Amino acid sequence: MTETTTSLREIGNKFFKEKRLNLAIENYNKAIEFDPSDYQSYTNRSLAYFQKKEYENSLEDSKEAIKINPQWDKAHYRYSMALKQFNRLDESLRSLYIIYNRFYNSTNNNNTTTSSNSNNIDINLITKEIDNIQKLLISNRYSKDIISQSETFSNSINANVKVDYINANLGKSVFLIKDITNYNQPLISENPLVSNLSSLYFDENYKSCFHCLKSIFVNESCYGEKMKKQKELFIEKPSFTCDKNCKFEVYCSENCKNEAWKQYHNLLCPNYDLILKLYGFCRIKNQIFPLVIMKMLAIVLNDLKNNKKSLEDSLSPFTSFQYDLSDSILSDDQLIAYAFIIDIFKSILKEKNDEIIFNQLINKERYYQFNSILKLNSSDVQPLSILEELIDNKVSKAGIKETNIKIGDEVIEIDSIGEFLEKNKLPTISIKGVGLYRVINSINHSCEPNVFCSFSKNDHSMTIYPTPKMQLKKGQEINISYINEDLPFSQRQKLLKENYSFNCNCKKCKNKE
Ligand SMILES: C[S@@+](CC[C@H](N)C(=O)[O-])C[C@H]1O[C@@H](n2cnc3c(N)ncnc32)[C@H](O)[C@@H]1O
């Protein structure tokens, strides 16, 4: 940086202090002309434009300053404030979190607790802004009305809870809106915004609903010798194959077929040759997130096109989850899967006027973003296996006096079904996938959870129940355990850090129990 640049900038700063904004801008222009890498002049000019309510210019200048020096927190702050003016609240929040996380990482490393960092940004101001924007976002997105509406994503929520923001560290979480006295009462029942089968199950041995993941058929080769004789297990359930282009995807009902079509399959189906390549790759490499990401992108694209919303609004069901772009290290396989996704969406968005949407929606940053959303928030989904479903039906039909049920010629004591299933629990008979749940995946973790989740007997929906004997009062936060809470303290901390990027500070962890 030349002396001339610095003095021109300082003259600009002087004019700025005197509120002579045009003169300030003139001097910042000159400083930048002398040294186009002078990120401080860009940042200061961004503020001057902001004061003049020229938000587009303010946004561009702060963006340029970040490009030159990504460590310059003041530029991130200016960028965030300009984004806020355009109601791009998610992005605005993200920029504030860059400053917030950097501040706390550096104070943790240096063991200091000053209220400002090397860039001289007041961390209290940042925290206050984070609080403001979070509250705005929560009230927009999780109001009771919005939650209980049947949206494009058709998630139905039994509203005994509300989503609220806690603080910049814990983000949002879920709170009870009534006292709970009946422990059999579900607190939340929810369908996912998106779900997908693990690619391991794209195989002639399995047939599952492509929409709700329910088992339709499992080949007898997946069972042990004894169960192979039980013919009832191998009767294929009715299924509904897509009759448009792909003739490949199968569903358990007309309803699932229609939902899938409406949400994402209408865009994906005509490009199925490319999609099969992605399925094949994901199956060999045992990957599931790229498949979910493909569906998420199709859902956003449909919303964008059909409902004429802004990109920000169409993305918001997904971007309201926490994510961390700096943390997303993608493997070579994930990057190859990204190339397949690019090909698929190039084919979907091939019209000339689709170019802008393509560039805004389908890019590497989005892939990292969606990957991180899935990594930090999604749940494993495991619908009942065909064997479990069969047992369940027989038990519900059994009279009160009956003590046994029969599967083929196998007689099972109703009281020992658990042991029977345990004995016959072959990894190959349970179909697994992942799902992203708008409210359930907003529940924070505790190693002493007061609620637990249970899969629906038949599909990808999930229900939250109170943990028996826990007192549950109106206003209380509900917490689930993301991991096996019976593991020793150090293992729990390690798993939570590795998989969810946080240090658990619950009572059990504080006592190192
Ligand atoms: C499934 S989300 C839960 C909702 C999240 N708080 C939000 O604002 O979207 C998981 C993320 O929440 C945060 N989180 C959950 N439980 C936490 C806890 N006990 N302590 C600190 N952070 C937690 C972590 O950032 C984690 O990666």
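Computed from a predicted structure; not experimentally measured.

About the criteria used
- Residues numbered from 1 in each chain as written.
- Predicted model: local features only at pLDDT ≥ 70, side-chain atom pairs only at ≥ 80, totals over all residues.
- Heavy atoms only, no water.
- Axes fitted to C-alpha atoms, helices over the stretch in contact; angles between N-to-C directions.
- Helix = DSSP H or I, 4+ residues; strand = E, 2+ residues; numbered from the N terminus.
- Parallel < 35°, antiparallel > 145°, perpendicular 65-115°, else oblique.
- Left-handed = near helix turned anticlockwise from the far one by under 90°.
- Contact = heavy atoms within 4.5 Å.
- Nonpolar A, V, L, I, M, F, W, Y, C, P; charged D, E, K, R; others polar.
- Expected span 1.5 Å × (residues − 1).
- Buried < 20%, exposed > 50% of the residue type's maximum accessible area, 1.4 Å probe, protein only.
- Salt bridge = Lys/Arg side-chain N within 4 Å of Asp/Glu carboxyl O.
- Pairing = 2+ DSSP bridges.
- Near = heavy atom within 4 Å.
- Polar contact = N/O pair within 3.5 Å; in protein donor to acceptor, adjacent residues only side chain to side chain.
- Areas by Shrake-Rupley, 256 points an atom, 1.4 Å probe, with all protein chains shown as cover.
- UniProt positions renumbered as here; feature names shortened; annotations may be inferred.

A. The packing of helix α3 (residues 39-51) against helix α4 (residues 55-68), seen in detail. Closest axis-to-axis distance for the α3/α4 pair is 8 Å, and the angle between their directions is 160 degrees. By the angle between their axes, α3 is roughly antiparallel relative to α4. Two packed elements cross with a definite hand, and for α3 against α4 that hand is left-handed. Every residue of α4 that contacts α3 at Tyr39, Tyr42, Thr43, Arg45, Ser46, Tyr49 and Phe50 is listed here: Tyr55, Asn57, Ser58, Asp61, Ser62, Glu64, Ala65 and Ile68. Of the residues in the contact of α3 with α4, the class split is seven nonpolar, five polar and three charged.

B. Quick look at α4. In this model, α4 (14 residues) spans 20 Å end to end at C-alpha, consistent with the 20 Å of a helix rising 1.5 Å per residue. Of all the positions in α4, only Ser58, Leu59, Asp61, Ser62, Ala65 and Ile66 are classed as buried. In this fold, the buried residues of α4 make contact with α3 and α5 (73-85).

C. Representation of the pattern of salt bridges within the structure. Here the structure, examined in full by the defined rule, presents 20 salt bridges. Measuring nitrogen to oxygen at the nearest pair gives 3.0 Å for the salt bridge that ties Glu18 to Arg20. The partly exposed category is assigned to Arg20, whose relative accessible area is 43%. Measuring nitrogen to oxygen at the nearest pair gives 2.6 Å for the salt bridge that ties Asp61 to Arg45. You can see Asp61 sitting in helix α4 and its partner Arg45 sitting in helix α3, a full 16 residues away along the chain. Exposure class is identical for Asp61 and Arg45. Each is buried.

D. Expanded view of the side chain of Asp354. Looking at where Asp354 falls in the secondary structure, it is placed in the loop between α14 (332-348) and α15 (355-361). With relative accessibility at 7%, the residue Asp354 sits in the buried group.

E. Quick look at the sheet that holds strand β15 (residues 462-466). The antiparallel open sheet is built from three strands, whose spatial order is β3-β15-β14. Pairing within the sheet leaves two strands with one partner each, and these edge strands are β3 (188-190) and β14 (451-455). Taken over all neighbouring pairs, the strand axes of this sheet differ in orientation by 20 degrees on average, direction set aside.

F. Just the pairing of strand β4 (residues 194-197), in detail. A two-sided burial pattern is seen for β4, the buried positions comprising Val194 and Asn196 on one face and Ser195 and Leu197 on the other. Looking at chain direction, β4 and strand β12 (residues 433-436) are connected through four bridges and run antiparallel. Residue Leu197 lies in a different strand from β12, and its bridge partner there is Gly433.

G. Up close: the site of the ligand. Leu170, Lys172, Gln322, Asn444 and Tyr500 are the nearest of the 14 residues found near the ligand. A distance of 2.8 Å separates a nitrogen atom of the ligand from a polar backbone atom of Leu170. Take Asn444: an N or O atom from its side chain is 2.7 Å from a nitrogen atom of the ligand. The protein chains hide 93% of the 570 Å² of surface that the ligand would expose on its own.

H. Here's a closer look at the UniProt feature "repeat: TPR" (unreviewed entry) in the chain. UniProt's feature table lists "repeat: TPR" (unreviewed entry) at residues 5-38 and 39-72, given in the numbering used throughout. For residues 5-38, the helix share is 79%, the strand share is 0%, and the end-to-end C-alpha distance is 8 Å. Overall, residues 39-72 shows 79% helix and 0% strand. The separation of its end C-alpha atoms is 8 Å.

I. Here's a closer look at the side chain of Arg45. For Arg45, a relative accessible area of 13% puts it in the buried group. Setting aside anything within four residues of it in sequence, one finds Arg45 in contact with Ile25, Tyr28, Asn29, Ile32 and Asp61.

J. Inspection of the UniProt feature "domain: MYND-type" (unreviewed entry) in the chain at higher detail. Within the UniProt annotation, "domain: MYND-type" (unreviewed entry) is assigned to residues 209-269. Across residues 209-269 one finds 31% helix and 13% strand; the C-alpha atoms that close the span lie 15 Å apart.

K. Representation of the sheet that holds strand β9 (residues 379-381). Overall, antiparallel pairing links the three strands, which are arranged β4-β12-β9 in an open sheet. A single partner strand is all that each edge strand has here, and the edge strands are β4 and β9. Strand-to-strand twist of the sheet, defined as the mean angle between neighbouring strand axes without regard to direction, takes the value 25 degrees. Sitting on the sheet, helix α12 (residues 289-306) touches β4 and β12, and the angle it makes with β4 is about 145 degrees.

L. Here's a closer look at the packing of helix α1 (residues 3-17) against helix α2 (residues 21-34). Close contact between α1 and α2 brings their axes to 7 Å; oriented N to C, the two are set at 170 degrees. Classified by the interaxial angle, the pair formed by α1 and α2 is roughly antiparallel. At the point where α1 passes α2, the crossing takes the left-handed sense. When α1 is examined against α2, the residues Thr4, Thr5, Leu8, Arg9, Ile11, Gly12, Asn13, Phe15 and Phe16 are found in contact with a partner set consisting of Leu21, Leu23, Ala24, Asn27, Tyr28, Lys30, Ala31 and Phe34. Each residue belonging to the contact of α1 with α2 can be placed in one class, and the counts come to 10 nonpolar, five polar and two charged.

M. Fine view of helix α17 (residues 386-397). Its 12 residues give α17 an end-to-end C-alpha distance of 17 Å, which sits within 8% of 16 Å, the value for a rise of 1.5 Å per residue. The elements touched by buried residues of α17 are β6 (215-218), α9 (225-228), β10 (404-407), β11 (410-413) and α18 (417-423).

N. Spotlight on the pairing of β12. Burial along β12 is two-sided: Gly433 and Gly435 and Val434 and Leu436, pointing in opposite directions, are all buried. In terms of strand pairing, β9 meets β12 through three bridges, oriented antiparallel. By the bridge assignment, Asp380 is partnered in β12 with Val434.

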